[in-house]
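Descriptive analysis of the structure
The lines below spell out each chain.
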4 protein chains.
Amino acid sequence: MSKRWPYAVPGIPDDEFIRGKVPMTKREIRILTMAQLRLQQQQVVWDVGAGTGSLSVEAALITTGGKVYAIERNEAGIALIAENCQRFGVENITIVAGEAPAALRTLPTPQRIIVGGSGGQLAEILAHCGQRLAPGGFIVVNVLSPRNLVRTLQVLSNAPFCNRAGMYIQSAQLEKLGREDYFRAQNGVWIMSAQKEA
Amino acid sequence: MSKRWPYAVPGIPDDEFIRGKVPMTKREIRILTMAQLRLQQQQVVWDVGAGTGSLSVEAALITTGGKVYAIERNEAGIALIAENCQRFGVENITIVAGEAPAALRTLPTPQRIIVGGSGGQLAEILAHCGQRLAPGGFIVVNVLSPRNLVRTLQVLSNAPFCNRAGMYIQSAQLEKLGREDYFRAQNGVWIMSAQKEA
Amino acid sequence: MSKRWPYAVPGIPDDEFIRGKVPMTKREIRILTMAQLRLQQQQVVWDVGAGTGSLSVEAALITTGGKVYAIERNEAGIALIAENCQRFGVENITIVAGEAPAALRTLPTPQRIIVGGSGGQLAEILAHCGQRLAPGGFIVVNVLSPRNLVRTLQVLSNAPFCNRAGMYIQSAQLEKLGREDYFRAQNGVWIMSAQKEA
Amino acid sequence: MSKRWPYAVPGIPDDEFIRGKVPMTKREIRILTMAQLRLQQQQVVWDVGAGTGSLSVEAALITTGGKVYAIERNEAGIALIAENCQRFGVENITIVAGEAPAALRTLPTPQRIIVGGSGGQLAEILAHCGQRLAPGGFIVVNVLSPRNLVRTLQVLSNAPFCNRAGMYIQSAQLEKLGREDYFRAQNGVWIMSAQKEA
């Protein structure tokens, strides 16, 4: 069944995406990632390590007239991205099957880059993104591991990047526990971002 | 100096607002509040306890063709809302000076309600909002205190409200500490929301 | 196999307890609960809603010469407490099978009370504890739900209690995720405490 | 005025220490650090970067018959440690004025090591601690910065260390905000620990 997202802001509920066993960026983190990305209309966006395509779909819904490249190496993920595009009626996503950074070389220059997954190549991916990102463009990198946090900090703290920022988000959702409510914790995520020098 | 917000999503930096000593909803909480509000174009929004107007400004920038009513009883706040409207070139905010719920009675029916401050009248405000919110509309309530959390839970768990949801957000921002970086903690906030039965 | 805890501070690892399916207070929360309890030697301790007995065992190991009453209504829990006493070679725990507050009436006056579970009777339990706790004694109440937080706040804010304190603890543990490390979140817990007027 | 700590567990309130402007490990982090340290009686403890001596005092109160070496390079800190020893009537702390790792070379072999501050020498300090820690002994390292977290992870993941563990603690304390209560956030701390191979 096709779903449309009728609202003017990101925030599709997690369970509206088709997921399988591919890890998915949780809703709160998706919303804040989109905020850090500072999307505008008619932009080219790379979503590196797109997973289920949840961030690509949110970006594609916002950047009307723009184009989102969803880069993913995992076959299960590639199929899910296609399914999720169809589910949300999104037509401005191009799925790029392959491994970053190699798969990024022939893509058009992006004004915005999301790095949600890195398959062990984070330093190489960030270096390539630094070269290819349009001047003044924004990059947002989500990390779960301390080593990837430090790698990201090192790259985003140096030229050609500027305006490095970071947030750590720990969220919890209201759920029922018998007759009582409680807040179920999500794992914390670091959302790192920077701008490319103009 | 006038500022324009050129991006398609909420998330104005805290220090771009004129603030004085009035408490302001922090950026991460504003972004997630706007996500829970599920704004569409041409909607009527109430921002109850608008404070500096930061949530009103974000909402007004999103709901083009819509109208935001910023209700605030504090004089310093009322002046700041006016200044922030001018700063961001926002023309679809009406400032309502007065105390909720009394000040809400003559306002047009809202499709969306934000309750950011309650001045000790939370139960009365939520009861009035339940009557006045348009069927199918959304309400989002931000609370800092356990008692207000429970009051909000009680009201949003019962008719005419449905689809009650809640999240607890603990965020921290990357800052410098001498030569090292660290993450500076913000106070946790509960963002509660519900829909009015259609 | 019997285990001995050779260290001078609380903090038995979660997986050294026999658990079954009974919920158990996680190690970090146990450690901080014991700190709030401010145990001394030769004290009488009530552990209300003892579950697996993990808090009782920690308390019994600290209060040499003292006596811990583990009150539990659930049969699976009662059996587990006995097993955990044996496992850690603890002989100063008395298991009290029954429902609080009724089951508390015949117990000796406590200098310290832990309330870890309340089976829907939290207000009644806290009222009874207020009567029975020795003057100057401490009570520590762990809560997961907002309503129980507010109930506890209300009781501990009034006579015969004083020196009300509270902390919210959100912890996460380092774990492996493929080749990378990440921190796995535990649900947040409120640890509330107070002293009885002298 | 001299204070005595009459309780059998760590957890001296922050405001009972004499502090000045030297940063101090907050109470919740001190309690959990002491738990990770797994102190026994009659042990030699190093507290590297002792600051105000708050961790040294807690350790000295627990390890009766043992000896705590409080290593600190900052003059204000050295004076505060002496004052805090006197305040709590602790006589088994030796203050070592100097910079680690150099200042550690002539100290007796420790069974337990706390690293609370590193003055930019964390890698060197941890390497030296790996050599000097008694076989089977424990080390606990508190870090605030992502780079120090990764440095600590790298050292504690390799020989001569084993049983590496880590926790991230985000705590908040109940406080008054006008007529309402709220939880005031503390900055998150990573508490890393390991054992030396036997």
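Summary of the structure given here. None of the values given here were measured: they were computed from a predicted structure.

Definitions and cut-offs
Here, residues in each chain are numbered from 1, in the same order as that chain's written sequence. The lettering of chains begins at A and the numbering of ligands begins at 1, in the order of writing. Owing to the predicted nature of the model, reporting of local features is limited to residues with pLDDT of at least 70; listing and counting of side-chain atom pairs is limited to 80 or more, with chain, interface and lining totals taken over all residues. Hydrogens and water are ignored here; the side-chain numbers use all heavy atoms of the structure. Whenever a carboxyl oxygen of Asp or Glu lies within 4 Å of a side-chain nitrogen of Lys or Arg, that contact is scored as a salt bridge. The helix and strand labels rest on DSSP assignments: H or I over at least four residues marks a helix, E over at least two residues marks a strand, and numbering proceeds from the N terminus. Burial here depends on accessible area, computed with a 1.4 Å probe over protein chains only, as a share of the maximum for the residue type. Under 20% is buried, over 50% is exposed, and the range in between is partly exposed. Any two rings among Phe, Tyr and Trp, with Trp reduced to its six-membered ring, count as a pair given centres within 6.5 Å; such a pair is stacked if its planes are under 30 degrees apart, edge-to-face if over 60, and tilted if neither. Our superposition of the copies is a least-squares fit, built on the C-alpha atoms of residues whose pLDDT is at least 70 in both. Here a residue-residue contact requires only that any non-hydrogen atoms of the pair lie within 4.5 Å. By definition, the buried area sums, over both parts, the 1.4 Å-probe accessible area that each loses when the two are put together. Whenever two N or O atoms come within 3.5 Å, that pair is a polar contact, provided that in protein one can donate a hydrogen and the other can accept it, and provided that, for residues adjacent in sequence, both atoms are side-chain atoms. For this scheme, ten residues count as nonpolar: Ala, Val, Leu, Ile, Met, Phe, Trp, Tyr, Cys and Pro. Four count as charged, namely Asp, Glu, Lys and Arg, and the remainder, Gly too, count as polar. Here an angle of 0 to 180 degrees is reported between the N-to-C directions of two axes, which are lines fitted to C-alpha atoms, with helices fitted over the stretch in contact. Convention used here: angles under 35 degrees read as roughly parallel, angles over 145 as roughly antiparallel, angles from 65 to 115 as roughly perpendicular, and any remaining angle as oblique. Here is the rule for handedness: rotate from the far helix to the near one, and if that takes an anticlockwise turn smaller than a right angle the crossing is left-handed, while a clockwise turn gives right-handed. Under the counting rule used here, the positive set is Lys and Arg, the negative set is Asp and Glu, and His together with the chain ends is not counted.

1. Considerations on the pattern of salt bridges
- Enumeration according to the criterion identifies 32 salt bridges over all chains in this entry.
- Between E58 of chain A and R30 of chain A there is a salt bridge, and its shortest N-O distance comes to 2.6 Å. On the criterion of sequence distance, the pair formed by E58 of chain A in helix α2 (residues 54-62) and R30 of chain A in helix α1 (residues 27-37) is long-range, its members being 28 residues apart. Judged on exposure class, the residue E58 of chain A and its partner R30 of chain A are both buried.
- For R151 of chain A, the salt bridge identified is with E180 of chain C, shortest N-O distance 3.4 Å. Residue R151 of chain A is found in helix α5 (residues 146-156), and its partner E180 of chain C is found in strand β7 (residues 180-185); the two belong to separate chains.
- Among the residues examined, E180 of chain C registers a relative accessible area of 17% and is labelled buried.
- Among the charged side chains, a salt-bridge network with shared partners connects D14, R30 and E58 of chain A.

2. Let's talk about the packing of aromatic side chains
- Summed over all chains, the structure comprises 20 aromatic pairs over all chains.
- Measuring from ring centre to ring centre gives 6.1 Å for F138 of chain A and Y7 of chain B, while their planes differ by 85°; the resulting arrangement is edge-to-face. Of this pair, F138 of chain A sits in strand β5 (residues 138-143) while Y7 of chain B is found in the segment before α1 (27-37), placing the two residues in two different chains.
- Owing to a relative accessible area of 7%, F138 of chain A belongs among the buried residues under this scheme.
- For the ring pair W190 of chain A and W190 of chain D, a centre distance of 6.2 Å and an interplane angle of 50° mean the geometry is tilted. One end of the pair, W190 of chain A, is in strand β8 (residues 189-196); the other, W190 of chain D, is in strand β8 (residues 189-196), on a second chain.
- Take W190 of chain A: its relative accessible area is 3%, and that puts it in the buried class.
- Of the aromatic side chains, those joined through ring pairs into one cluster are Y168 and W190 of chain A together with Y168 and W190 of chain D.

3. Comments concerning the relation of the copies chain D and chain B
- The two copies are related by a screw operation: chain D maps onto chain B through 180° of rotation and 0.0 Å of translation along the axis, at an RMSD of 0.0 Å. When the rotation and shift are considered jointly, the pair of chain copies conforms to a two-fold rotation axis. Nearest to the rotation axis, the C-alpha of A185 of chain D is located 3.1 Å from it, this being the minimum over chain D.
- Mapped onto chain B, 100% of the interface residues of chain D again fall at the interface, so both copies present the same surface.

4. Comments concerning the interface of chain D and chain B
- Across the boundary between the two partners, chain D contributes 19 residues, which contact 19 residues of chain B.
- Between chain D and chain B, the buried area comes to about 1500 Å², and carbon and sulfur atoms account for 50% of it.
- The tally of links between chain D and chain B comes to four salt bridges.
- Put simply, chain D and chain B have eight residue pairs in polar contact (both at pLDDT 80 or more) between them.
- Only α5 (146-156), β6 (161-177) and β7 (180-185) of chain D provide two or more residues apiece to the side of chain D that touches chain B.

5. With respect to the interface of chain C and chain D
- Facing 37 residues of chain C, the contacting portion of chain D comprises 37 residues.
- Interface area, chain C with chain D, both sides summed: about 2900 Å², of which 64% is carbon and sulfur.
- D181 of chain C is the partner of R164 of chain D in a salt bridge, and the nearest nitrogen-oxygen pair spans 2.9 Å.
- Put simply, chain C and chain D have 13 residue pairs in polar contact (both at pLDDT 80 or more) between them.
- Breaking the side of chain C that touches chain D down by element, the ones donating at least two residues are α1 (27-37), α5 (146-156), β6 (161-177), β7 and β8 (189-196) of chain C.
- Take the side of chain C that touches chain D: its biggest share by element is 12 residues, from β6 of chain C.
- Residue classes in the side of chain C that touches chain D are distributed as 23 nonpolar, seven polar and seven charged.

6. Looking at the relation of the copies chain C and chain D
- The transformation that overlays chain C on chain D combines an axial shift of 0.0 Å with a rotation of 180°, and the residual RMSD is 0.0 Å.
- Both copies contact each other with a shared surface, as 100% of the interface residues of chain C are interface residues in chain D too.

7. Considering the packing of α1 of chain C against helix α1 (residues 27-37) of chain D
- In the contact formed by α1 of chain C and α1 of chain D, the axes pass within 10 Å of each other and the chain directions differ by 115°. By the angle class used here, α1 of chain C and α1 of chain D are roughly perpendicular. Between α1 of chain C and α1 of chain D lies a crossing whose hand is right-handed. In this structure, α1 of chain C uses R27, E28, I31, L32, A35 and Q36 of chain C to contact α1 of chain D, whose residues at the interface are R27, E28, I31, L32, A35 and Q36 of chain D.
- Of the residues assigned to the contact of α1 of chain C with α1 of chain D, the class counts are six nonpolar, two polar and four charged.

8. Looking at the side chain of E28 of chain D
- The topology assignment puts E28 of chain D in helix α1.
- R27 of chain D provides the closest opposite charge to the buried, salt-bridge-free E28 of chain D, at an N-O distance of 4.6 Å.
- Ignoring sequence-local partners within four residues, the contact set of E28 of chain D consists of L32, M167 and I169 of chain C together with S171 and Q173 of chain D.

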